Amino acid sequence: YNLVIDKTLVTPASNAWSVTLSSPGRTEVSTDQANRLCDIRGNLLINEGKYNYYRYKARLYGNYTSYGTSLGDAINTGRVTLENGSSQHQVTGSTSSTIDFGDVELNDAQGALLNTSISTNNFYLTAGVFDIGTYNLAINGSVSGSAYSTTKMIQCYGSPASQGVTLSLSLSGN
């Protein structure tokens, strides 16, 4: 089963109506197991518009393709969690601009492959290798995870063409 979000294009894109999934009575604490809103057992394709997962997790078994915007609540964010895949997840955005994928978690030993440069807010590495190849993974928030190893890391080709990871930092004080 695939979830496709295909909204009418408006200009500017910030005026697009958002698709919001919610579940009254479900915990809004993103670290709780009962926080998962839905399981997408196929692929998630956002053709246009915004996907607002608010404070809930959406577990994605397939590929994540976005030409729109994914966003969550700024204080207690939900996220799209890549897990339970039968093969490596494919993560793809626009080739003409960097798409904001919101908060993303990789929790799958099958790993994930980045097919274009993307931007995330927070990135959670729970399990698996996120292979970014020669593309750029721009993380505007934080990276969470520990006990990195050969089976749990962000990996790039390491060639001069590799764009690597961009991590935004905020410095204050002297």
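Per chain, residue numbering runs from 1 following the sequence as it is written. At least 70 in pLDDT is required for a residue's local features to be given in this predicted model, at least 80 for side-chain atom pairs to be given and counted, and no such filter applies to totals for whole chains, interfaces and linings, which use all residues. The side-chain numbers reported here are obtained from all heavy atoms of the structure, hydrogens and water having been left aside.

Let us now look at the nonpolar core. Among the nonpolar cores identified, the biggest contains 24 residues, and Leu 44, Tyr 64, Leu 82, Val 91 and Phe 130 are the most heavily contacted of them. Contributing elements (two or more residues each) for this core: strand 4 (44-48), strand 5 (50-54), strand 6 (57-60), strand 9 (79-82), strand 12 (104-107), strand 13 (112-114), strand 15 (123-133) and strand 16 (136-139). Sequence-distant contacts of Leu 82, defined by excluding residues within four places in its chain, comprise Leu 60, Gly 62, Tyr 64, His 89, Val 91, Val 104, Glu 105, Leu 106, Asn 107, Asp 108 and Ala 112. Put simply, buried Ala, Val, Leu, Ile, Met, Phe, Trp, Tyr and Cys residues joined by side-chain atoms within 4.5 Å make one nonpolar core. Classification of residues uses two cut-offs on accessible area relative to the type maximum, computed with a 1.4 Å probe and protein chains only: under 20% is buried, over 50% is exposed, and between them is partly exposed. Counting from the N terminus, the helices are DSSP H or I runs at least four residues long and the strands are E runs at least two residues long. The criterion used for residue contact is that any of the two residues' heavy atoms lie within 4.5 Å.

A word on the confidence of the model for the protein. When pLDDT is averaged across the protein, the result is 82; 75% of the residues are at 70 or more. Least confident of the elements in the protein is strand 2 (residues 18-20), whose mean pLDDT is 56; most confident is strand 13, at 98. Values of pLDDT, ranging from 0 to 100, describe the predictor's confidence in every residue of the model.

For the rest of this paragraph, the subject is the packing of aromatic side chains. Aromatic rings from Phe, Tyr and Trp, taking only the six-membered ring of Trp, are treated as a pair when their centres fall within 6.5 Å; an angle between ring planes under 30 degrees marks them as stacked, one over 60 as edge-to-face, and anything in between as tilted. Within the structure shown, the criterion is met by two aromatic pairs. Here Tyr 64 and Phe 101 contribute two aromatic rings whose centre-to-centre distance is 4.7 Å and whose plane-to-plane angle is 70°, an arrangement assigned as edge-to-face. Of this pair, Tyr 64 sits in strand 7 (residues 64-66) while Phe 101 sits in the loop between strand 11 (99-100) and strand 12; the two residues are 37 residues apart in sequence, bridging distant segments of the chain. Each of the two residues, Tyr 64 as well as Phe 101, counts as buried. Lying across the ring of Tyr 148, Lys 152 places its NZ or CZ 5.7 Å from the centre. Ring-over charges, as used throughout, are those where CZ of Arg or NZ of Lys falls within 6 Å of the ring centre and within 35 degrees of the ring normal.

The next thing to look at is the sheet that holds strand 16. Strand-to-strand pairing in sheets goes through backbone hydrogen bonds, with the strands running parallel or antiparallel. Here, a strand pair is defined by DSSP locating no fewer than two bridges between the strands. Strand order in this open sheet of four strands is 11-14-16-19, and the pairing throughout is parallel. Two strands lie at the open edges of the sheet, namely strand 11 and strand 19 (164-167), each paired on one side alone. In this structure, strand 16 lies alongside strand 19, joined through four bridges in parallel fashion. Note on strand 19: the bridge partner recorded for Ile 139 is Leu 167.

Let us now look at a nonpolar patch on the surface. Together, Val 143, Tyr 148, Val 165, Leu 167, Leu 169 and Leu 171 make up a nonpolar patch on the protein surface, roughly 630 Å² of accessible area in all. As for its placement among the helices and strands, Leu 171 is situated in the segment after strand 19. Accessibility expressed as a relative area gives 79% for Leu 171, which makes it exposed. Patches were defined on residues exceeding 30% relative accessible area and lacking a salt bridge, with like-charge contacts within 9 Å and nonpolar side-chain contacts (Val, Leu, Ile, Met, Phe, Trp, Tyr) within 5 Å. Residue exposure ignores everything except the shown protein chains as possible cover, and the areas themselves are Shrake-Rupley values with a 1.4 Å probe. Here a salt bridge means any side-chain nitrogen of Lys or Arg lying within 4 Å of a carboxyl oxygen belonging to Asp or Glu.

Another point: unusual backbone geometry. The residue Asn 84 is not glycine, and still its phi comes out positive at about 55°. Mapped onto the fold, Asn 84 is located in the loop between strand 9 and strand 10 (89-92). Despite not being glycine, Ala 147 has its phi angle at roughly 55°, a positive value.

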